[in-house]
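# Remarks on the overall topology
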Amino acid sequence: AGGNQPATGGGGDGGGDAVGNAAGGAAGDGAGPGGGGGGGAEPAGKVQLGPLAVGESAQVGPLTVTMHRAETVDQAPAPGYTYLLIEVTVENGGSAPYTVNPTEQHKVQTPEEKNAPYNLQATALRTPKFQGTLRQGESGSGWLGFLAKKLEGTYTYTFTHPEYGEATWEFTLQ
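Residues numbered from 1 in each chain as written. Predicted model: local features only at pLDDT ≥ 70, side-chain atom pairs only at ≥ 80, totals over all residues. Heavy atoms only, no water.

## Quick look at the side chain of Thr 82
Its place among the elements puts Thr 82 in strand S5 (residues 81-92). A relative accessible area of 0% means that Thr 82 is categorised as buried. Within the structure, Thr 82 has its side chain in polar contact with the backbone oxygen of Val 73 (distance 3.3 Å). Among the polar contacts made by the side chain of Thr 82, one reaches the side chain of Asp 74 at a distance of 2.9 Å. (Helix = DSSP H or I, 4+ residues; strand = E, 2+ residues; numbered from the N terminus. Buried < 20%, exposed > 50% of the residue type's maximum accessible area, 1.4 Å probe, protein only. Polar contact = N/O pair within 3.5 Å; in protein donor to acceptor, adjacent residues only side chain to side chain.)

## With respect to the nonpolar core
Counting residues in each nonpolar core, the largest one holds 30 residues, and the members touching the most others are Leu 84, Ile 86, Val 108, Tyr 157, Phe 159, Trp 169 and Phe 171. Looking at this core, the elements with two or more residues in it are strand S2 (47-53), strand S3 (57-60), strand S4 (63-73), S5, strand S10 (139-149), strand S11 (154-161) and strand S12 (165-173). The residues touching Phe 159, leaving out its near neighbours within four places in the chain, are Val 60, Leu 63, Val 65, Tyr 98, Gln 105, His 106, Gly 165, Glu 166, Ala 167 and Trp 169. Grouped together as the second largest cluster of nonpolar side chains are six residues, Val 73, Ala 76, Tyr 83 and Leu 85 included. (Core = buried A, V, L, I, M, F, W, Y, C linked by side-chain atoms within 4.5 Å. Contact = heavy atoms within 4.5 Å.)

## Considerations on the pattern of salt bridges
Within this structure, the stated rule accounts for six salt bridges. A salt bridge links Glu 87 to Arg 69; its shortest N-O distance comes to 2.8 Å. In this pair, Glu 87 sits in strand S5 while Arg 69 sits in strand S4, placing the two residues 18 residues apart along the sequence. Of the charged contacts in the structure, one is a salt bridge between Arg 135 and Glu 138, with a shortest N-O distance of 3.3 Å. Shared partners join several salt bridges into a network, and the residues in it are Arg 69, Glu 71, Glu 87 and Arg 126. (Salt bridge = Lys/Arg side-chain N within 4 Å of Asp/Glu carboxyl O.)

What follows is the structure in structure tokens.
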């Protein structure tokens, strides 16, 4: 037993600069010549934030996303693999509801830059599971589980919103 192991945040230095530069670039993207007439109906441009450290928050459109921690549970069904659990909070500051889509909007990549698939068995190891729909002003927290190859090096967790862009956090497994 004792297979629960915390992960530590990576990408600390320069993370603030990356966030500032990405947000500044995104704000300018929609304001160029010929960009008028939209009446503000569409986002100014998709943000690409990160790399962020574990514990930091990112503003992706009207959503504030925070990756709190990553843990591993060594109960995966194959040698050399682990269940990787990510705890997140999303706050919906927009007028439209946000529905959690763990397979399309939440991704983990291994140090080999391979996607670790979302995994229901892994997600079931922690409560609450991150799911549901958040209305305006609501926030939700919970866990997402992935089946990942256990490797030395930097992993990434990426939250993607199809309209507003993405934010990426970096971490290593302990």
